[in-house]
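Summary of the model geometry
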Amino acid sequence: MGRFVSKHIEADYEALSEEAALFVYKRITAALNNSKPFVLGVATGSTPIGLYQYLVHLLADRRIDLSKFYTVNLDEYYPMKQTDSHSYYQYMKFHFWEPLQKANPTFEYEVQGFIPSGETDNPEAECLVYEERIKQRGGIDLQILGIGVNGHIGFNEPGSSPSSRTRVVTLSPETVSANSRFYKDDISQMPKKAITMGLGTILEAGEILLLASGKSKESIMRKLVALDKPDQSLPASYLLQHPRVTYILDIDASGT
Ligand code: GLP
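My aim in this report is to walk through the structure given alongside it, one point at a time. (Residues numbered from 1 in each chain as written. Predicted model: local features only at pLDDT ≥ 70, side-chain atom pairs only at ≥ 80, totals over all residues. Heavy atoms only, no water.)

**Let's talk about the overall build of the protein chain**
The following threshold applies: Secondary structure elements follow DSSP: runs of H or I of four or more residues count as helices, runs of E of two or more count as strands, with numbering from the N terminus. As a reference, a globule follows 2.2 Å times the number of residues to the power 0.38, and the radius of gyration itself is taken over C-alpha atoms. Burial classes follow relative accessibility: with a 1.4 Å probe on protein chains only, a residue under 20% of its type's maximum area counts as buried, one over 50% as exposed, and anything between as partly exposed. Contact between two residues is taken to exist if any of their heavy atoms lie within 4.5 Å; hydrogens are not considered. The Shrake-Rupley method, run with a 1.4 Å probe sphere, supplies the accessible areas, and residue values consider only the shown protein chains as cover.
When its secondary structure is counted, the protein chain shows nine helices and ten strands. Relative to its length of 256 residues, the protein chain is compact, with a C-alpha radius of gyration of 17 Å against a globular reference of 18 Å. Each principal axis of the C-alpha atoms in the protein chain carries an extent, and together these give about 45 × 45 × 35 Å. Across the 256 residues that make up the protein chain, the buried fraction comes to 52%. Of the contacts formed within the protein chain by residues at least 6 apart in sequence, a portion of 78% connects residues at least 24 apart. Total accessible area computed for the protein chain in this model is approximately 11,700 Å², and 51% of it derives from carbon and sulfur atoms.

What follows is the structure, given as structure tokens:
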């Protein structure tokens, strides 16, 4: 298969979210209609919230049997209690899992939604278990990604190896600062570590959809699209090694 890269530029965040949801919906239903399971790699952060809203709406049709639909998250803070409102577990429950289950009860998030545990005493073992879970489900069919202002994907910070697997990482100062907005800008309250799928794990997904929205992403997206080979200082640039990647940006993030 040849390399397929597609770039869509949408007018604004609403249009980006709608386009992205439709893209994901088509992939999910194509598999499920053929009685195949579908594993969706999901991201957190502000960017995919609109996508999840539209996607729930599209999947609300109860004739769609979601019993073979699974989600696997990219990352979770460490340490982090599942019940903490800042956890990515709660984010998923609030923005996607519960609304989807309510709209279409053939999806049961406690069985079909996977996210690394931020409350384990043995995070290294958790990382191995997480990789195994993904493998047992047959791998990720489509991975949704956002991008950090420093080019991270998941929590793979600059310098991450392209062959890295799910592991415990220390967040970079830029990431701690960018994400402290969820902690009323109080950096001292922010977790400084996370469990993240590795770049190697992400690159094994069958297909990748990267979303970027807003002026804060313009500079990193300009750098990313200008590269013709991966650069370790910009983790998202390893997507250049993947055969099937789609970017959906809004005008602000694209700088056009
Ligand atoms: C977070 C997450 C990433 C996310 C990125 C961008 O730290 N770990 O998966 O893509 O940062 O977040 P946002 O969409 O809020 O800009």
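Once you've had a look at it, read on.
**Considerations on the nonpolar core**
The test is simple: Buried residues of nine kinds, namely Ala, Val, Leu, Ile, Met, Phe, Trp, Tyr and Cys, make up a nonpolar core once their side-chain atoms join them within 4.5 Å.
Counting 44 residues, the largest nonpolar core has V24, I28, L40, L55, F69 and F96 as the members making the most contacts within it. Looking at this core, the elements that each hand over two or more residues are α1 (13-33), β2 (38-42), α2 (49-59), α3 (88-103), β6 (142-145) and β9 (207-212). Excluding anything up to four places from it in sequence, F69 contacts I28, L32, F38, L40, F96, L100, F107 and Q112. One finds I147, I208, Y247 and A253 within the second-largest nonpolar core, a separate group that totals 31 residues.

**Considerations on the site of the ligand**
What counts is decided by this rule: Neighbouring residues are identified by heavy atoms, a residue being near a molecule or strand if any of them is within 4 Å of it. Under this definition, polar contacts are N or O atom pairs within 3.5 Å; protein pairs additionally need one hydrogen-donor-capable and one acceptor-capable atom, and for neighbouring residues in sequence, both atoms have to be side-chain atoms. When residue character is reported, Ala, Val, Leu, Ile, Met, Phe, Trp, Tyr, Cys and Pro are called nonpolar, Asp, Glu, Lys and Arg charged, and the others, Gly included, polar.
What surrounds the ligand is a group of 15 residues, the closest being S46, T47, N179, R181 and K217. With respect to the ligand, the side chain of D75 contributes an N or O atom lying 2.9 Å from a nitrogen atom. Between an oxygen atom of the ligand and a side-chain N or O atom of R181, the distance comes to 2.7 Å. Residues belonging to the shell around the ligand are distributed by class as follows: four nonpolar, eight polar and three charged.

**Brief notes about the pattern of salt bridges**
To be explicit about the condition: A carboxyl oxygen of Asp or Glu within 4 Å of a side-chain nitrogen of Lys or Arg is what we treat as a salt bridge.
With the rule as written, the count across this model stands at eight salt bridges. R244 is the salt-bridge partner of E207, the closest N and O atoms lying 3.8 Å from each other. Of this pair, E207 sits in strand β9 while R244 sits in strand β10 (residues 244-250); the two residues are 37 residues apart in sequence, bridging distant segments of the chain. Overall, R244 belongs to the partly exposed group, its relative accessible area being 26%. Put simply, E218 and K215 hold a salt bridge, and the shortest N to O gap is 3.2 Å.

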